[in-house]
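Coordinates in review
Okay, here's what each chain looks like letter by letter:
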2 protein chains.
Amino acid sequence: MKTLDTAAAPAIATVDLILFALGEAGLEVLLIRRGAAPFLDAWALPGGWIHTDEDADLDAAAHRILREKTGVATPYIEQLQTVGNATRDPRGWSLSVAYVALIGPGQAPAVRGGNAADAAWRPVETVLAEAGDLAFDHGDLLGLALARVRRKVEYSTLPVHLLPERFTLSELQSVYERVLGRRLDKSAFRKRMAEVDFVEPVPGEMRRGSNRPAQIYRLKEARSTAFFDRVL
Amino acid sequence: MKTLDTAAAPAIATVDLILFALGEAGLEVLLIRRGAAPFLDAWALPGGWIHTDEDADLDAAAHRILREKTGVATPYIEQLQTVGNATRDPRGWSLSVAYVALIGPGQAPAVRGGNAADAAWRPVETVLAEAGDLAFDHGDLLGLALARVRRKVEYSTLPVHLLPERFTLSELQSVYERVLGRRLDKSAFRKRMAEVDFVEPVPGEMRRGSNRPAQIYRLKEARSTAFFDRVL
């Protein structure tokens, strides 16, 4: 029985972010090339230590780290899971509070900052195929994050955060399809969106293109992080 | 820009457990009366610091802390969420990896250990009504845990962990009802259980009582933590 809880070395406490955006081929993830040991020059998720002298809480730490390492200011973030063990970091017992972050098109940053030497958007499937090459256990974290996003696509408003604030139903359907990796029936999709009722038309706003004008929609305010019965 | 990530004081890294069991009145939670500062003599969730010299990982820390503080050996545990901020612990920036734990009847421990002066099973609703009296932010953690369990009751096999390994369908229905706080229709419940197919009859085992003999069931192995489309 220990008498002093503080006798052992403290755990290293970090936050890592799995930042997704939609590219041409589907989901992409932002990776950073490490500019310092351990795992010097390896690709990694953006992450860093909690700064107990400046971070008010975990969410604030996540936002700060994302801003410093990637230049992204305020995307959608949600806590994913915390991993912690004696072996994931050669410097000592380390825990990482992992966050999933999503951004819409046009927010993809040109990045350089902190101890990150380089950064790049990479297709998720490509990165997962070589997940063991990532620093630390970041391949595992990416796998967990992808599973979370795919599950929540079917049950929540989460995909909306991969779109601009205003979008057509065709664009919304395309997001669901690209995240899930399968096609959806258009009329069934529209019927289901009407039932779950989390988007609303923007009065008078239409998109005009080569087809007939399409109504513009936005996320309903109160539904911004809601969980539903199965959406799809 | 910081040059040394380790310049600030390290975060306090703890694990807290919200341990549920079913009592006569519904869900009960195990509380510990604190035997040390801070919050001396206040009721709290069982918890403790990560011991980086002996805990292989976070789950191991959770099991150790539960064992030391309550005498419970190996219940069902799952990670709930991590809270961390500058204000929850007067000793400094603190994070807690919170776990939900469930145990079946007859495993409720007679407890005394670590810096816990006392322990008691309390009805969840009673504790939540006075959640502000709990140490730290443990009232908030209890609320998060209850929401998780109630949601997973509707989508997963989780309630089974509140039962002995073998049970009748009437006992299973009773667990769902007590966690949800509402009655369920017997024939609809049995139809749904057949559809989601996560329990199986134990060949030849019947329970004989004042009514006609009831078939004994058990959880199917492969389904021990499965998530389903809505169960109820």
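What counts, and where the lines are drawn
Residues numbered from 1 in each chain as written. Chains lettered and ligands numbered in written order. Predicted model: local features only at pLDDT ≥ 70, side-chain atom pairs only at ≥ 80, totals over all residues. Heavy atoms only, no water. Helix = DSSP H or I, 4+ residues; strand = E, 2+ residues; numbered from the N terminus. Expected span 1.5 Å × (residues − 1). Buried < 20%, exposed > 50% of the residue type's maximum accessible area, 1.4 Å probe, protein only. Polar contact = N/O pair within 3.5 Å; in protein donor to acceptor, adjacent residues only side chain to side chain. Axes fitted to C-alpha atoms, helices over the stretch in contact; angles between N-to-C directions. Parallel < 35°, antiparallel > 145°, perpendicular 65-115°, else oblique. Contact = heavy atoms within 4.5 Å. Nonpolar A, V, L, I, M, F, W, Y, C, P; charged D, E, K, R; others polar. Phe/Tyr/Trp six-rings, centres within 6.5 Å; stacked < 30°, edge-to-face > 60°. Left-handed = near helix turned anticlockwise from the far one by under 90°. Pairing = 2+ DSSP bridges.

Brief notes about helix 1 (residues 58–70) of chain B
Residue and element names in this part refer to chain B. Under the 1.5 Å per step criterion, the end-to-end length of helix 1 is 18 Å for 13 residues, consistent within 8% with the ideal 18 Å. For helix 1, the set of buried residues is Leu58, Ala61, Ala62, Arg64, Ile65, Leu66, Lys69 and Thr70. N-cap assignment for helix 1: the residue whose side-chain oxygen lies 3.3 Å from the backbone N of Asp59 is Asp57. Phi for Gly71, located one or two positions after helix 1, is positive at around 80°.

Remarks on the packing of helix 4 (residues 169–180) of chain A against helix 5 (residues 186–196) of chain A
Residues and elements named next belong to chain A. Look at helix 4 against helix 5: their axes get within 11 Å of each other, and the N-to-C directions meet at 100°. Our classification of the angle between helix 4 and helix 5 gives roughly perpendicular. Between helix 4 and helix 5, the contacting residues are Leu169, Ser170, Leu172, Gln173 and Tyr176 on the first element and Lys186, Phe189, Arg190 and Met193 on the second. Within the contact of helix 4 with helix 5, the residues separate by chemical class into 5 nonpolar, 2 polar and 2 charged.

Observations regarding the packing of aromatic side chains
Residues and elements named next belong to chain A. Under the criterion given, the structure shown has 4 aromatic pairs over all chains. With a centroid separation of 5.4 Å and 65° between ring planes, the pair formed by Tyr176 and Phe189 is classed as edge-to-face. With Tyr176 in helix 4 and Phe189 in helix 5, this pair connects stretches of sequence that are 13 residues apart. Pair check on accessibility: Tyr176 and Phe189 agree, each one buried.

Looking at the packing of helix 3 (residues 138–155) of chain A against helix 4 of chain A
Residue and element names in this part refer to chain A. Two numbers describe how helix 3 lies on helix 4: the axes approach to 10 Å, and their chain directions differ by 145°. Seen from above, helix 3 lies across helix 4 with left-handed handedness. Here Val149, Arg150, Val153 and Glu154 of helix 3 come into contact with helix 4, specifically with Tyr176, Val179 and Leu180. A per-class count over the contact of helix 3 with helix 4 returns 5 nonpolar, no polar and 2 charged.

A short note on the pairing of strand 1 (residues 12–23) of chain A
Residues and elements named next belong to chain A. Here strand 1 lies mainly inside the structure; 12 of its 12 residues are buried. Burial along strand 1 is two-sided: Ile12, Thr14, Asp16, Ile18, Phe20 and Leu22 facing one way and Ala13, Val15, Leu17, Leu19, Ala21 and Gly23 facing the other are all buried. Two elements, strand 1 and strand 6 (residues 94–102), share 9 bridges in a ladder whose sense is parallel. Bridge pairing links Phe20 to Leu102 in strand 6. Direction of pairing for strand 1 relative to strand 4 (residues 47–49): antiparallel, over a ladder of 3 bridges. Among the inter-strand pairings, Thr14 is bridged to a residue of strand 4, identified as Trp49.

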